[in-house]
Amino acid sequence: MINQSALQSFDRFETPFFYYDMDVLRSTVDKFASTLGKFGITAHYAVKANSNDRILKTISGAGLQAECATGNEITLAIANGFDAGGIFFDGVAKTDKEIVTALKAGVEIFNCESIQELEVIDALAGGMGVKAAIAIRVNPDVDAHTHKYITTGTEEDKFGISSWAFDQLFATLSRCRNLDFRGIHMHAGSQITDMGVYAQLASRVLEFEKVFEEHGFKVSLINLGGGLGVDYGDPLGNWMPDIEGLAGAIAKNLPLKPGQSVHIEPGRAIVAQCGHIISRVVYVKSGLKKKFAILDCGMHTLIRPALYQAKHLVENLSCREPLEKYDVVGCVCESSDTFAKDFEGGAPHRGDFFAIHSAGAYGQVMNMRYLQRDLAPAVYSDDIK
Ligand SMILES: *Cc1c(COP(=O)(O)O)cnc(C)c1O
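This structure is a prediction, so every number in the text was calculated from the model and none was measured. (Residues numbered from 1 in each chain as written. Predicted model: local features only at pLDDT ≥ 70, side-chain atom pairs only at ≥ 80, totals over all residues. Heavy atoms only, no water.)

Caption draft 1: Fine view of the pattern of salt bridges. Tallied over the full model, the rule gives 17 salt bridges. Measuring nitrogen to oxygen at the nearest pair gives 3.0 Å for the salt bridge that ties Asp327 to Lys290. With Asp327 in strand S13 (residues 323-329) and Lys290 in the loop between strand S10 (275-286) and strand S11 (291-295), this pair connects stretches of sequence that are 37 residues apart. Overall, the relative accessible area of 31% leaves Lys290 in the partly exposed class. The partner of Glu315 in a salt bridge is Arg320, with the nearest N and O atoms 2.6 Å apart. Look at the salt bridges and you will find they share partners, linking Asp23, Arg26 and Asp382 into a network. (Salt bridge = Lys/Arg side-chain N within 4 Å of Asp/Glu carboxyl O. Helix = DSSP H or I, 4+ residues; strand = E, 2+ residues; numbered from the N terminus. Buried < 20%, exposed > 50% of the residue type's maximum accessible area, 1.4 Å probe, protein only.)

Caption draft 2: Seen up close, the sheet that holds strand S7 (residues 179-185). Spatial ordering of the closed barrel is given by S2-S3-S4-S5-S6-S7-S8-S9, a layout of eight strands whose pairing is parallel. Pairing of strand S8 (residues 221-223) with strand S9 (residues 261-264), which is carried by three bridges, proceeds in the parallel orientation. By the bridge assignment for S9, Ile222 is matched with Val262. (Pairing = 2+ DSSP bridges.)

Caption draft 3: Structural detail: unusual backbone geometry. In this model, Thr15 is joined to Pro16 through a cis peptide bond whose omega is -5 degrees. Relative to the elements of secondary structure, Pro16 occurs in the loop between helix H1 (4-9) and strand S1 (17-20). Omega for the bond connecting Glu321 with Pro322 falls within 30 degrees of zero, at 5 degrees, which places this linkage in the cis form. Within the secondary structure, Pro322 sits in the loop between strand S12 (314-316) and S13. Phi at Gln191 takes a positive value of approximately 55 degrees, unusual for a residue other than glycine. If you trace the backbone, Gln191 turns up in the loop between S7 and helix H8 (196-214). By relative accessible area, Gln191 is classed as buried at 16%. Its identity as a non-glycine residue notwithstanding, Gln309 has a phi of 55 degrees, on the positive side. In this structure, Gln309 sits in the loop between helix H11 (304-308) and S12.

Caption draft 4: Structural context of the packing of aromatic side chains. By the definition in use, this model includes 16 aromatic pairs. Consider the rings of Phe170 and Phe212, whose centres lie 5.1 Å apart with planes at 90 degrees: the pair is edge-to-face. With Phe170 in helix H7 (residues 166-175) and Phe212 in helix H8, this pair connects stretches of sequence that are 42 residues apart. Taking relative accessible area as the criterion, Phe170 reaches 5% and is therefore assigned buried. The class of Phe212 is buried, set by a relative accessible area of 0%. One aromatic cluster is present, formed by Phe166, Phe170, Phe181, Phe208, Phe212 and Phe217 through successive ring pairs. Note that Arg54 overlies the ring of Tyr380, its terminal NZ or CZ placed 4.2 Å from the centroid. Over the ring of Phe89 we find Lys94, and its NZ or CZ is 5.5 Å from the ring centre. (Phe/Tyr/Trp six-rings, centres within 6.5 Å; stacked < 30°, edge-to-face > 60°. Lys NZ or Arg CZ within 6 Å of the ring centre and 35° of its normal.)

Caption draft 5: Representation of the site of the ligand in the model. Taken together, 14 residues lie near the ligand, and Lys48, Ser190, Glu265, Arg268 and Tyr362 sit nearest. Between the ligand and the protein, one listed contact pairs an oxygen atom with a side-chain N or O atom of Ser190 at 2.2 Å. One of the backbone nitrogen or oxygen atoms of Arg268 is found 2.8 Å away from an oxygen atom of the ligand. Compared with its free state, where it exposes 390 Å², the ligand has 91% of that area covered by protein. Residues that form the shell around the ligand fall into these classes: three nonpolar, six polar and five charged. (Near = heavy atom within 4 Å. Polar contact = N/O pair within 3.5 Å; in protein donor to acceptor, adjacent residues only side chain to side chain. Areas by Shrake-Rupley, 256 points an atom, 1.4 Å probe, with all protein chains shown as cover. Nonpolar A, V, L, I, M, F, W, Y, C, P; charged D, E, K, R; others polar.)

Caption draft 6: Geometry of H7. Of all the positions in H7, only Phe166, Leu169, Phe170, Thr172 and Leu173 are classed as buried. Here the buried residues of H7 occupy an arc of 160 degrees about the axis, which is enough to place them on one side. Seen from the buried face of H7, the exposed residues on the opposite side, beyond 90 degrees, are Asp167 and Arg175. On its buried face, H7 sits against helix H6 (115-128), strand S6 (132-137), S7 and H8. (Arc of directions from axis to C-beta. Contact = heavy atoms within 4.5 Å.)

Caption draft 7: Quick peek at the packing of helix H2 (residues 22-39) against helix H9 (residues 243-253). One way to put it is that H2 packs onto H9 with a least axis distance of 10 Å and a crossing angle of 20 degrees. In terms of their interaxial angle, H2 and H9 are classed as roughly parallel. The hand of the H2/H9 crossing is right-handed. Counted together, Thr28, Lys31, Phe32, Thr35, Leu36 and Phe39 of H2 and Ile243, Glu244, Ala247, Gly248 and Ala251 of H9 form the full contact between these two elements. Here the contact of H2 with H9 is composed, by residue class, of six nonpolar, three polar and two charged. (Axes fitted to C-alpha atoms, helices over the stretch in contact; angles between N-to-C directions. Parallel < 35°, antiparallel > 145°, perpendicular 65-115°, else oblique. Left-handed = near helix turned anticlockwise from the far one by under 90°.)

Caption draft 8: Structural detail: the side chain of Gln273. Following the sequence through the fold, Gln273 ends up in the loop between helix H10 (268-271) and S10. Owing to a relative accessible area of 4%, Gln273 belongs among the buried residues under this scheme. Polar contacts involving the side chain of Gln273 include one to the side chain of Ser358, which spans 2.7 Å.

Caption draft 9: The domain arrangement of the chain, seen in detail. Each assigned domain of the chain is listed here: domain 1 (4-17 + 273-383) and domain 2 (23-272). Once you take the C-alpha centre of each, domain 1 and domain 2 turn out to be 33 Å apart. Each partner contributes to the interface: domain 1 provides 24 residues, whereas domain 2 provides 25 residues. The contact between domain 1 and domain 2 buries some 2,200 Å² in all, and 53% of this surface belongs to carbon and sulfur atoms. Interface area lost by domain 1 to domain 2 is led by Gln273, Cys274 and Tyr362, which between them contribute 32%. Applying the counting criterion to the domain 1 and domain 2 interface returns two salt bridges. (Domains from an automatic or database assignment. Buried area = accessible area lost by both parts, 1.4 Å probe.)

Given below as structure tokens:
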């Protein structure tokens, strides 16, 4: 959260910047570690949500494993303290170079998404004289009830292998001598707040497990993917994600067999609420009917509102009253670059500090240099105490 002493220190920095409350991050990671530990679930942090060195070090320091979507993420995760032998390597488009990086690093599992990918990993592993431990990402055909761009588990999505292709899958797995089949992976999408989705995923896994085992493939690893949502509406009051709800839904619906391990790949839920964009009002502009607070950040700093119509809570940190109604907009020349329409908050003035909350996940990692603007740097609460 942004307290008075943090606010006073903001004058020292050029805006916009990402402000990370490291106490919130540590509390969240510790809660993940302790709750999941109780339920015997292993968490692999999805590095793509936020890959800052200090954030990665905090998460690896708490004992979490990593989930990586590229070869470069694997290298970065290992450099920041994650155990190579606990990395899950995901992605629909793993290149030969990335597969070799992962094999050399000795990642725990390749989560594979197509028959062709299996054949390529088999050949590359064979060439290196190693075996690749793999899990199959199956398409669960479960709707995550989230925004359509971040739903990934339905039949029409590009992800995973669907059950109609299983005959070919089993034939390929039997043929590929350098692959070591371990289990099943699913990922239904992101920003899931209905724990019923995880209950549904768990029961789908049991159906798939039966089919795999009937074909002689023992399932020793079950991975339900990421997707746990956060409260973007009330990030200051309700910042801790529902980790107990998630663990409970899995434990209740997924009876494990001896020797089986269960894994999840949370990204957003771990880092979203510790991050805030701190920006200043460049101009206040009054139209005939509307007033605008124009910020020095924009869709190039945080693309989620423009890309997925995501809503982030905004706050005028410098002025609490009188209350006024106005739009809070970014500095890019596109109308979709709007953070809040008809926002009710403290009257805006040139130079006021604004916070855009819940910006720790899929924020800085997607910051781009459109219009040749500078990248927004990170400021950590630990450094300004
Ligand atoms: C993006 C992704 C995750 C993390 O998703 P969150 O919604 O951030 O928890 C986990 N697994 C896979 C396969 C992903 O693509």
